[in-house]
Amino acid sequence: RLDTPGKAQPTMRTKATTSSRQIASSIACTALLFAVGANGASLSARPSSAKADLRSARASLTRKVKVEDGVPLAFFNSQKADKLPTKHGIDASTTTPPLLLRPWIHLYQKTPKVLIPGTKLDVAFTLASALVLTCIDYGSALFLTNLGGWPSHSKNTRAVAGSVATIFHSTTLVLGLGAALATQKYDPSGRMDDHPAWWADGAQALIQFCTGYMIYDAAVHFIAGRWQKGVGPVLSAADYMFLGHHAACSLYMMSALLCEAGHMSAMILMFTGEFTAPIMNVLRIVRTAKSDEISARTILGRSLLQAIYPYVEYLFALLYAGFRILIGPICAAHLTISILLTKKGRKNVPVGLSVVWLVMAWGVLIGSFPWINNALTILKAGLNVGSGGESAISSIDPD
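Our subject in this report is the structure included herewith. (Residues numbered from 1 in each chain as written. Predicted model: local features only at pLDDT ≥ 70, side-chain atom pairs only at ≥ 80, totals over all residues. Heavy atoms only, no water.)

## A few points about unusual backbone geometry
Trans is the prevailing form of peptide bonds, just as negative phi is the prevailing case for residues other than glycine.
Line of reasoning, step 1. Non-glycine residue His-153 carries a positive phi angle of around 55 degrees.
Line of reasoning, step 2. Of note, His-153 is situated in the loop between helix 4 (124-146) and helix 5 (155-183).
Line of reasoning, step 3. Unusually for a residue other than glycine, Glu-260 sits at a positive phi of about 60 degrees.
Line of reasoning, step 4. Note on placement: Glu-260 falls in the loop between helix 7 (237-259) and helix 8 (263-274). (Helix = DSSP H or I, 4+ residues; strand = E, 2+ residues; numbered from the N terminus.)

As structure tokens, then:
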């Protein structure tokens, strides 16, 4: 068969071609494996655009600032967050802290803590609040004297400056209390650790702010304001009554923080008690400004003051009577049942302390009967000053 060489040559060429193809295929497969490996490494090192967008969205929803105990202030872009961490493992509300409560949370968390020795009771925010309100008071007096035309070294000017500070206190307090009470289940005998940590911080700030107001008002207007050289503060029976009121309120609020329960009962009393304070102090300012001593020298004209005075007083009388006759007693009755007449209430709040609280709460309502009577007189007289309303208007004391 060697005599047929023409047939052997195609066989050898076919084998050579096959070997070349196998080598080329091996090189191609190797290159493909390297390419896939490199691409896989790239994918694992860099997330896809969809994953990146998802992470960015989650990061924007959980944006927060660094605060004490790792509790976020929840300045979220959306209306809802997943869950906020708490100090005691309690699930937070699915809604973010309300807008009106966020400044209180932020300020309280940023304020250094000063504890009463042997307790967990912080008083730093209380003292800072008293200082801020004092600055607002004296700053308002300077403004009234230098820019408003009010007489310097006048009791009327000092009284109106105090009303400005009180309006600031009561307005901001009522807004914060309303936001706080609306976001949690109302339980007058509940414990503080039943709430999310961010809410507890807001409640602490509000209660301490109100206590700071009591300290400021007592120190500035009843001690410094009544001070006589060589004698000390000269106080009337009414002054002692108001100082007793401030002491009782402070005792109620701070003891609730100390026992870490019953704070909502203090907050609802603060809310109902301070709700009428802004219009009450507007009435005091208008009444003082329209007097003969002030009206001719102020930026407010006599005719304007005389025109708005009956409406301001009627609105105050309407609100005061409504809160002291209806809303206040209902809230006091409910917290009485919750704190004293339920097993949970007696467990969370010592019975002796509960009795003291209730005596103070009902005492304030009963003690307001004279002012309730004056408010009803104004409501009966209506806005017709010429029919005897003037005497009724003059009879009510905004305090």
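## Things to note about the nonpolar core
Line of reasoning, step 1. Residues Leu-101, Trp-199, Leu-206, Met-267 and Trp-357 are the most contacted members of the largest nonpolar core, which totals 48 residues.
Line of reasoning, step 2. Going through the elements one at a time, helix 3 (102-110), helix 4, helix 5, helix 6 (197-224), helix 7, helix 8, helix 10 (302-340) and helix 12 (351-367) are the ones with two or more residues in this core.
Line of reasoning, step 3. Considering every element that reaches this core, the biggest residue donor is helix 6, with 13 residues.
Line of reasoning, step 4. Counting residues in each nonpolar core, the second largest holds 21 residues, with Trp-150, Leu-283, Ile-294 and Ile-378 among its members. (Core = buried A, V, L, I, M, F, W, Y, C linked by side-chain atoms within 4.5 Å. Buried < 20%, exposed > 50% of the residue type's maximum accessible area, 1.4 Å probe, protein only.)

## Re a nonpolar patch on the surface
Line of reasoning, step 1. A cluster of nonpolar side chains, Ile-325, Leu-326, Ile-327, Ile-330 and Leu-376, forms an exposed patch at the surface whose accessible area comes to about 430 Å².
Line of reasoning, step 2. Looking at the nonpolar patch, the element that brings in the most residues is helix 10, giving four residues.
Line of reasoning, step 3. Mapped onto the secondary structure, Ile-327 falls in helix 10. (Patch = residues over 30% accessible without salt bridge, like charges linked within 9 Å, V, L, I, M, F, W, Y side chains within 5 Å. Areas by Shrake-Rupley, 256 points an atom, 1.4 Å probe, with all protein chains shown as cover. Salt bridge = Lys/Arg side-chain N within 4 Å of Asp/Glu carboxyl O.)

## Describing the side chain of Thr-272
Line of reasoning, step 1. With respect to the element layout, Thr-272 can be found in helix 8.
Line of reasoning, step 2. Taking relative accessible area as the criterion, Thr-272 reaches 9% and is therefore assigned buried.
Line of reasoning, step 3. Polar side-chain contacts of Thr-272 include one of 3.3 Å to the backbone oxygen of Leu-269.
Line of reasoning, step 4. If near-sequence neighbours (up to four positions away) are discounted, Thr-272 is found in contact with Phe-323, Ile-327 and Cys-331. (Polar contact = N/O pair within 3.5 Å; in protein donor to acceptor, adjacent residues only side chain to side chain. Contact = heavy atoms within 4.5 Å.)

## Overview of the packing of helix 3 against helix 6
The relative placement of two packed helices is expressed as an angle between their axes plus a distance between the axes.
Line of reasoning, step 1. Contact geometry for helix 3 and helix 6: axes closest at 8 Å, N-to-C directions at 85 degrees. In terms of orientation, helix 3 and helix 6 fall into the roughly perpendicular class. Touching Trp-104, Ile-105, Tyr-108 and Gln-109 of helix 3 are Trp-198, Asp-201, Gly-202, Gln-204, Ala-205, Leu-206, Gln-208 and Phe-209, all from helix 6.
Line of reasoning, step 2. For the contact of helix 3 with helix 6, a count of residues per class yields seven nonpolar, four polar and one charged. (Axes fitted to C-alpha atoms, helices over the stretch in contact; angles between N-to-C directions. Parallel < 35°, antiparallel > 145°, perpendicular 65-115°, else oblique. Nonpolar A, V, L, I, M, F, W, Y, C, P; charged D, E, K, R; others polar.)

## Quick word on helix 13 (residues 369-381)
Line of reasoning, step 1. Taking 1.5 Å of rise per residue, 13 residues should cover 18 Å, and helix 13 covers 18 Å from first to last C-alpha, within 8% of that figure.
Line of reasoning, step 2. For helix 13, the full list of buried residues reads Trp-371, Ile-372, Asn-374, Ala-375 and Ile-378. Projected down its long axis, helix 13 shows its buried positions confined to an angular sector of 160 degrees, all on one face. Exposed residues lying more than 90 degrees from the buried face of helix 13 are Phe-369 and Lys-380.
Line of reasoning, step 3. Just downstream of helix 13 lies Gly-382, where phi reads positive at about 70 degrees. (Expected span 1.5 Å × (residues − 1). Arc of directions from axis to C-beta.)

## Some thoughts on the packing of helix 5 against helix 9 (residues 277-289)
Line of reasoning, step 1. Axis separation between helix 5 and helix 9 bottoms out at 9 Å; the angle between their running directions is 160 degrees. Viewed along their axes, helix 5 and helix 9 adopt a mutual orientation that is roughly antiparallel. The two elements helix 5 and helix 9 meet at a crossing, and its hand is left-handed. Residues Asn-156, Ala-159, Val-160, Ser-163, Val-164, Thr-166, Ile-167, Ser-170 and Thr-171 of helix 5 form the contact with helix 9, whose participating residues are Ala-277, Pro-278, Asn-281, Val-282, Arg-284, Ile-285 and Thr-288.
Line of reasoning, step 2. Residue composition of the contact of helix 5 with helix 9, by class: eight nonpolar, seven polar and one charged. (Left-handed = near helix turned anticlockwise from the far one by under 90°.)

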